Amino acid sequence: MRQGLGLQVLLTCLGVALCSHGSLPSEHAHRRRLSLHGHRERGKEGQVLHRSKRGWVWNQFFVIEEYTGPDPVLVGRLHSDVDSGDGNIKYILSGEGAGTIFVIDDKTGNIHATKTLDREEQAQYTLTAQAVARDTNKPLEPPSEFIVKVQDINDNPPEFLHGPYYARVPEMSNVGTSVMQVTATDADDPTYGNSARLVYSILQGQPYFSVEPQTGIIRTALPNMDREARQEYDVVIQAKDMGGHMGGLSGTTEVKITLTDVNDNPPKFPQSVYAMSVAEDKVVGEEVGRLKAKDPDLGENGLVTYRLIEGDGMGVFEITTDSETREGVIKLKKLVDFETKRAYSLKVEASNVHVDPRFIAWGPYKDTATVKIMVEDADEPPAFTAPAYSFEVEENAPDGTVVGRVHAKDTDVANSPVRYMIPRYTDIEQFFSIGPEDGVIRTTRLLDREALPWHNISVSATEIGGHHQDAKVRVNIKVKDMNDNAPEFATKYEVFVCENASPGKLIQTVSAVDKDEMTQRQLFRFSIALEAANNQNFSLKDNRDNTAGIYVTRKGFSRMAQDIYLLPIEIDDGGSPPMSSTNTLTIRVCSCDSRETMLSCNVEPYILPAGLSTGALIAILACIVILLAIVVLFVALRRQKKEPLIVFEEEDIRENIITYDDEGGGEEDTEAFDIATLQNPDGANGFLPRKDIKPEMQYPLRLEGPAVASSVDVDDFIKTRISDADDDPTAPPYDSIQIYGYEGRGSVAGSLSSLESVTTDSDLDYDYLQSWGPRFKKLADLYGTKDSNDDNS
């Protein structure tokens, strides 16, 4: 190992670099020597280790930013103590920007900056230098770090990062009132020179506002700035670096300042007198007119309220404030009458709702105006002299009786005459009539208080001419009572008396009612009618309280002798004229026990046989009904057994078939279901010829011989049988063909069937068809023509 090996890093001072590329402050061109002295240490195994001595000689590295020269900038030089200048040592540079921004000459150790540097992007770079053997790349010295700082220049102007700005300040503010503070930033180094030292100034907005040079606080510069005159201001603020000196960079921003409102203006009416009008037919609450006091203030500062302070229309009109339009609305509080008063005068005051105490001394925040209201004439309906009328009339008064009179007059200046009428919907049954000109109400028929004690009608008054306006008034007519109804029992009484009742016993208390009205001192008088005054069974006592008691006057009542008693009672109402009526009281005799508790009021036990109750009688009747039902059922069964059953001893299948296919028996067929008529009379003698062919001769019956056993030809056998059947005139099916071939004997027309005419020639004369009338003319023409043709041929 080498003893005392030292590494020196020689950094050419920044002054040398500045000599070739510019000037550099001398305070950064100092040199420092770092020495590491080694000493002997004994290892674990006893060997002696020697620490090498090394040292770096270096200067502070600086590079000016934004350098744009033609050649790379020399940053500095590295030099090792072991470098003898023979080129065997190679210098290596690593770290931030090594190889891209900073390059090193591996032989000389010179470091150059190849790119323009920006301090605002990166202020310094940390690099590592090392010396190695060129041939083996073995390090000759330990690596050492050093820093390259970027020297700042004034290359960044001040910036307002949050502009444009918006600010608000109350109008009428004092001079020097703070509006807001604006702040600019400068990316240059604030610790080096004046590159980041800012000064603020105002470029636009004078003389209204000013700005503090060091802090950027904007303040008002004029007193009593009025929002109503001007509300917004555009202020431009400048920030300049280098302390504001010549050559510094600057930046600007815009500040929009708005004056906020204060209540510094009182409300003011545009005119001192307002003229309005109202028609006399307007109802209470209707709008008469509007007026508005102007206030240039905003929001609650401009709120205005209105009130009436004086005038002869204070009680007739009222004023309210429209919350949306901020107008004073004058409304009708009482009805006006053109004929009574034609003009009114009001004094209206408008005042601010909210008043700023700072500006009270500027004057009263209110204003007044006069309102002249003229009343316009309107065509009004007639007016009745009373809001309602009440009359009385006797019931049963004769037709045409005067009930009362209503009166209405035209309130207009024209004073037109009035016509009266009763609307029919208020007097449907037309009990009353009214004079159309004088308004006198009369009855049209008799009135019954008990049916309708009150009549509520309306009377309409219409002015003649004009707009035919009408007015209605309520008329209440009371029907006065007359004593025209007799009293009667209050209810339908059901009175019972015991057979063993003792004389003097009260059996019923009766009361009466009267449809007529009764005075407080009027009482009903009860008495037994004259026709029953001498009865010995019952008596009556008038209690003088509109009730009467019915008493028993004898004993020993018997249901067997008489079970019901009728007692006529006369009731007098004592009215004027007095009215009375006779009401009959029905008294039923009942059986009672010793305590006079009623047991039965029926008379059945006395008419039934002795010892036979009602239940027993019902049972007997039920037994009789059951016996009668049994007898009737038995007789019905006996009659049903004696009736013979209809038995068809013989069924003719052929007859049934013929009835479906029969076409009629001709003129002699008078019985539709006579089998003899339907049978062929020619078959009575045993000869039934075939009808499908006309036989010319009769063949005797052919006796069949025995079949040839040796014959095996089936076809010949069948043909032989068919030939025999065809040649035999008596063989079937003569009976089935006769239905179609025979239509009855005695018919003038004969048979109309085509079955026989197919194989036979007909010599029938059809001339008689001409005499059958027009209905058979077509048929006669057809057959007559044929015969004539045959004759001609």
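None of the values given here were measured: they were computed from a predicted structure.

J.: Explanation requested: the overall build of the protein in the structure shown.
T.: Broken down by element type, the protein carries eight helices and 43 strands. Out of the 793 residues belonging to the protein, those deemed buried represent 32%. Of all intrachain contacts in the protein linking residues separated by at least 6 positions in sequence, the fraction that spans at least 24 positions is 66%. Summed over all atoms, the accessible surface of the protein reaches about 49,300 Å², with 53% contributed by carbon and sulfur.

J.: I keep staring at the sheet that holds strand β28 (residues 402-405) and nothing clicks. Help me out?
T.: The strands that make up a sheet pair up through hydrogen bonds in the backbone, lying either parallel or antiparallel. Across the sheet, which stays open at both edges, the three strands sit in the order β28-β32-β31 with antiparallel pairing between neighbours. Sheet topology places β28 and β31 (432-434) at the edges, where each strand pairs with a single neighbour. Strand-to-strand twist of the sheet, defined as the mean angle between neighbouring strand axes without regard to direction, takes the value 20 degrees.

J.: Mind showing me how you'd approach the pairing of strand β39 (residues 538-542) here?
T.: The side chains of a regular strand alternate between both faces of the sheet. Residues F538, L540 and D542 of β39 are buried on one face, while the alternating residues S539 and K541, pointing to the opposite face, are not. As judged from the five bridges shared by β39 and strand β40 (residues 547-552), these two strands associate in the antiparallel manner. Bridge pairing links D542 to A548 in β40. Taken together, β39 and the strand that follows it, β40, pair antiparallel across an intervening segment of four residues, in which R544 is found at a positive phi of about 60 degrees.

J.: Would you mind showing me how to read the nonpolar core here?
T.: The nonpolar side chains of soluble globular proteins are, as a tendency, buried together. In terms of nonpolar packing, the biggest core is built from 27 residues, with V497, F538, I569, L585 and I587 touching the most fellow members. Elements supplying a minimum of two residues to this core: β36 (495-498), β37 (506-513), β38 (525-528), β39, β40, β41 (564-572) and β42 (580-592). Those residues in contact with I569 that lie beyond four places of it in its chain are F489, F526, S527, A529, L540, I550, S581, T582, N583 and L585. Ranked by size, the runner-up nonpolar core spans 25 residues in total, among them M276, V304, L308 and I319.

J.: Mind showing me how you'd approach the sheet that holds strand β21 (residues 304-311) here?
T.: The sheet built from four strands is open, its strands ordered β19-β25-β24-β21 with mixed pairing. Each of the sheet's edge strands pairs with one partner strand only, and the pair in question is β19 (273-279) and β21. Put simply, the sheet's adjacent strands are angled 30 degrees from each other on average, direction ignored.

J.: For this particular structure, what's the right way to read the packing of aromatic side chains?
T.: The geometry of an aromatic ring pair is captured by two quantities: the separation of the ring centres and the angle between the planes. Scanning the model with the defined rule gives 14 aromatic pairs in all. Clustering of aromatic rings is evident, with ring pairs tying together Y208, F209 and Y233. Seen from the ring of Y344, K341 lies directly overhead, with NZ or CZ sitting 5.2 Å from the centre.

J.: How should the pattern of salt bridges be read in this particular structure?
T.: In total, this model carries 21 salt bridges according to the counting rule given. D261 serves as the salt-bridge partner of R227, at 2.9 Å between the closest nitrogen and oxygen. Here D261 lies in the loop between β18 (250-260) and β19 and R227 lies in the loop between β16 (217-220) and β17 (232-240), a separation of 34 residues in the sequence. Of the charged contacts in the structure, one is a salt bridge between K480 and E394, with a shortest N-O distance of 3.4 Å. One end of the pair, K480, is in strand β34 (residues 470-480); the other, E394, is in strand β27 (residues 388-394), and 86 residues separate them in sequence. For K480, a relative accessible area of 33% corresponds to the partly exposed category.

J.: Hey, could you run me through the pairing of β37 in this one?
T.: Where strand β35 (residues 488-489) lies against β37, two bridges are found, and the strand directions are antiparallel. For F489, the partnering residue across the bridge sits in β37 and is A512. Summarising the sheet, β37 and β40 pair through five bridges and their orientation is antiparallel. Each residue of the ladder has a partner; that of L506, found in β40, is Y551.

J.: Can you help me understand the state of the cysteines in this one?
T.: By definition, a disulfide links the sulfur atoms of two cysteine residues through a covalent bond. Following the criterion strictly, the structure yields two disulfides and no others. One disulfide bridge connects C498 with C592, the sulfur atoms lying 2.1 Å from each other. A torsion of -80 degrees about the S-S bond marks the disulfide between C498 and C592 as left-handed. With C498 in strand β36 and C592 in strand β42, this pair connects stretches of sequence that are 94 residues apart. The class of C592 is buried, set by a relative accessible area of 14%. Sulfur-sulfur distance for the disulfide between C590 and C601 comes to 1.7 Å.

J.: Just checking my understanding: could you explain the confidence of the model for the protein for this structure?
T.: In low-pLDDT segments, the atomic positions of the prediction should not be examined closely. Residue-level pLDDT values for the protein average 77, and 75% of them are 70 or greater. Of all secondary-structure elements in the protein, the lowest mean pLDDT belongs to strand β1 (residues 31-33), at 30, while strand β23 (residues 328-332) reaches the highest, 95. Every residue in residues 734-743 scores below 50 in pLDDT, and together they form 27 contacts with partners more than four places removed in sequence or on other chains.

J.: What is the right way to read a nonpolar patch on the surface from this model?
T.: On the surface, a cluster of nonpolar side chains totalling about 450 Å² of accessible area is made up of L617, I620, L621, I624 and L628. Exposure remark for L617: the relative accessible area of 34% places this residue in the partly exposed category.

J.: So what exactly am I meant to see when it comes to the environment of A98 here?
T.: Mapped onto the elements of the fold, A98 is located in the loop between β7 (89-95) and β8 (102-104). Note on A98: relative accessible area 23%, which makes it partly exposed. Along the chain, A98 and I111 lie 13 residues apart, while their C-alpha atoms are 9.9 Å from each other. Leaving out residues up to four positions away in the same chain, A98 has contacts with L93 and L127.

J.: So what exactly am I meant to see when it comes to the side chain of D516 here?
T.: Here D516 shows up in the loop between β37 and β38. A polar atom in the side chain of D516 sits 2.7 Å from the backbone nitrogen of N485. Leaving out residues up to four positions away in the same chain, D516 has contacts with E395, R449, E450, D481, M482, N483, D484 and N485.

J.: So what exactly am I meant to see when it comes to unusual backbone geometry here?
T.: With the exception of glycine, the majority of residues adopt a negative phi angle, and the majority of peptide bonds are in the trans configuration. Cis rather than trans, the peptide bond between G163 and P164 has omega equal to -5 degrees. Cis geometry marks the peptide bond from Q206 to P207; its omega dihedral reads 5 degrees. On the secondary structure map, P207 appears in the loop between β14 (199-204) and β15 (209-211). Even without a glycine there, the phi angle at N137 is positive, about 60 degrees. By secondary structure assignment, the location of N137 is in the loop between β10 (124-133) and β11 (144-151). Positive phi is not limited to glycine here, since M172 has a value of about 65 degrees. Considering the arrangement of structural elements, one finds M172 in the loop between β12 (165-170) and β13 (178-181).

Definitions and limits used
Residues numbered from 1 in each chain as written. Predicted model: local features only at pLDDT ≥ 70, side-chain atom pairs only at ≥ 80, totals over all residues. Heavy atoms only, no water. Helix = DSSP H or I, 4+ residues; strand = E, 2+ residues; numbered from the N terminus. Buried < 20%, exposed > 50% of the residue type's maximum accessible area, 1.4 Å probe, protein only. Contact = heavy atoms within 4.5 Å. Areas by Shrake-Rupley, 256 points an atom, 1.4 Å probe, with all protein chains shown as cover. Pairing = 2+ DSSP bridges. Axes fitted to C-alpha atoms, helices over the stretch in contact; angles between N-to-C directions. Core = buried A, V, L, I, M, F, W, Y, C linked by side-chain atoms within 4.5 Å. Phe/Tyr/Trp six-rings, centres within 6.5 Å; stacked < 30°, edge-to-face > 60°. Lys NZ or Arg CZ within 6 Å of the ring centre and 35° of its normal. Salt bridge = Lys/Arg side-chain N within 4 Å of Asp/Glu carboxyl O. Disulfide = S-S within 2.5 Å. pLDDT = per-residue confidence, 0-100. Patch = residues over 30% accessible without salt bridge, like charges linked within 9 Å, V, L, I, M, F, W, Y side chains within 5 Å. Polar contact = N/O pair within 3.5 Å; in protein donor to acceptor, adjacent residues only side chain to side chain.

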